[in-house]
Amino acid sequence: MLDYVGLESDLGEEERLIRDTARRFVDERVRPDIGDHFEAGTFPTDLIPEMGEMGFYAPNLDGYGLPNVSETAYGILMQELEACDSGLRSMASVQGALVMYPIHAYGSDEQKERWLPALGEGEAVGCFGLTEPEHGSNPSAMETRAERDGDGYVLNGSKTWITNSPIADVAVVWARDTSADGSPVRGFLVETDRDGVTTAEIHDKLSLRASITGEISLQNARVPEENVLPGVSGMKGPLSCLTQARFGIAWGAVGAARDAFEQAREYALDRDQFGGPIARFQLQQEKLAEMATQITTAQLLAYRLAELKERGEMRPQHVSMAKRNNVRTARDQSRIAREMLGGNGITTDYSPMRHMANMETVYTYEGTHDIHTLVLGEDLTGIAAFE
Ligand SMILES: Cc1cc2nc3c(=O)[nH]c(=O)nc-3n(C[C@H](O)[C@H](O)[C@H](O)COP(=O)(O)OP(=O)(O)OC[C@H]3O[C@@H](n4cnc5c(N)ncnc54)[C@H](O)[C@@H]3O)c2cc1C
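Residues numbered from 1 in each chain as written. Predicted model: local features only at pLDDT ≥ 70, side-chain atom pairs only at ≥ 80, totals over all residues. Heavy atoms only, no water.

**A few points about helix α5 (residues 109-120)**
No. 1: Taking 1.5 Å per residue as the helical rise, α5 with its 12 residues ought to reach 16 Å, and the 16 Å between its terminal C-alpha atoms agrees with that figure.
No. 2: Listed in full, the buried residues belonging to α5 are Gln111, Lys112, Trp115, Leu116, Ala118, Leu119 and Gly120.
No. 3: Residues of α5 that are buried make contact with α2 (47-53), α4 (86-106), β3 (126-129), β6 (170-177) and β7 (185-191).
No. 4: Positive backbone phi, at 75°, marks Gly122, one or two positions downstream of α5. (Helix = DSSP H or I, 4+ residues; strand = E, 2+ residues; numbered from the N terminus. Expected span 1.5 Å × (residues − 1). Buried < 20%, exposed > 50% of the residue type's maximum accessible area, 1.4 Å probe, protein only. Contact = heavy atoms within 4.5 Å.)

**Looking at the site of the ligand**
No. 1: Looking at the ligand, there are 18 residues lining it, with Thr131, Ser137, Trp161, Thr368 and Asp370 nearest.
No. 2: In the environment of the ligand, a nitrogen atom lies 2.7 Å from a nitrogen or oxygen atom belonging to the side chain of Thr131.
No. 3: For the ligand, a nitrogen atom lies 2.7 Å from a polar atom in the backbone of Trp161.
No. 4: Taken by itself the ligand offers 980 Å² of open surface, and the protein chains cover 67% of this.
No. 5: Elements with a contribution of two residues or more to the shell around the ligand: β5 (152-163), α9 (352-364) and α10 (369-381).
No. 6: For the shell around the ligand, the residue count by class is nine nonpolar, seven polar and two charged. (Near = heavy atom within 4 Å. Polar contact = N/O pair within 3.5 Å; in protein donor to acceptor, adjacent residues only side chain to side chain. Areas by Shrake-Rupley, 256 points an atom, 1.4 Å probe, with all protein chains shown as cover. Nonpolar A, V, L, I, M, F, W, Y, C, P; charged D, E, K, R; others polar.)

**A few points about the domain arrangement of the chain**
Interface extent is often summarised as the accessible area lost during association of the parts.
No. 1: Taken as a whole, the chain is organised into domain 1 (7-120), domain 2 (127-227) and domain 3 (236-381).
No. 2: Placing the centre of domain 1 and that of domain 3 at their C-alpha centroids yields a distance of 19 Å.
No. 3: Between domain 1 and domain 3, the contact holds 32 residues from the first and 33 residues from the second.
No. 4: Interface area, domain 1 with domain 3, both sides summed: about 2,600 Å², of which 59% is carbon and sulfur.
No. 5: Among the residues domain 1 hides against domain 3, the three largest losses belong to Leu7, Glu71 and Gln79. Together they make up 23% of the total.
No. 6: Of the charged contacts in the structure, one is a salt bridge between Glu80 and Arg258, with a shortest N-O distance of 3.0 Å. (Domains from an automatic or database assignment. Buried area = accessible area lost by both parts, 1.4 Å probe. Salt bridge = Lys/Arg side-chain N within 4 Å of Asp/Glu carboxyl O.)

As structure tokens, then:
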């Protein structure tokens, strides 16, 4: 497995254990069928509780049965899951970083007791509703409204492109509280079986096919006061969750790129043309050399990010740089890997084209590549160029 500068030799015991457990789980339980799921546009939902038992949801949080592992261990877990498929890592990212994290960081004791153990064990599924049909890159322009009504709120609006909404038990919905001064954005825990809530599935995706995506429609959906996340108000709520999830993506993308590289290397050594393996051609070696270099650079960035996060020194702009670079690397390098596999490379029998297709989503969600470029541009110049 590519680890060119030996970063894994510095891992602690817990981190190795998580890496090995995740690798084994992926190899035995997911990899054999992932191509079929991708083709069928399905997620292996039977594995959701099993992933919970393995501790794959928010293991970097503490309390409520969560093990509080290191940020490097969490990153390695995301890397190993995405080495199989971005859909698998998306499942763990959404459940852990986008649903459990806000409940853990901003929820009431009752909300934590009710949801964290169930979500952590995979007995309940959560989703994160921020994006709207008319507001993607600029979620602060959201139109979803929460209006006070007696001892609760009435929600109206629609969210789209929501990972797992059709199978979710609870949605963290971000909406403007129109009854408060300045209509601040608040987080609402919306059980999906409430009246007025529907979650239609989005079909026909050509990317992230082994992941369930849907809408959330809220039509006079009433939630009690105790379903509001009490500890946060404003865009800091959703943005802080995205920082957590993007950290996992920066790691996960390395896994996808590494898997594409390993398939290409193996194929190049096996595949004979013109009287010997194609790996003997300089053109093919240049591709492998470049891939290994780009992946190693991305890996270094991910490890450093985890160190900064562990020390409490990671800024959202650091995460933007790593998400932006590492996903671009995975997108570019999985394409080169696909190329090296010739005709066989366009089938689901091999992973590179699946990773390449998945990367179109990963490049777009959690802040598009362009948006992270603007985040860095603003950080480097002090001038915002978003509008
Ligand atoms: C499979 C999938 C799963 C997803 N899961 C979730 C989820 O679970 N929860 C959730 O809330 N969202 C989710 N998303 C939504 C995702 O976060 C958005 O698609 C993303 O934020 C981009 O928004 P948009 O698609 O509306 O594109 P737009 O914002 O319309 O952007 C279109 C293009 O314009 C560019 N652009 C926009 N603004 C600027 C600017 N200021 N300067 C230069 N270029 C700009 C963008 O980079 C992009 O190339 C998911 C998306 C996908 C595809």
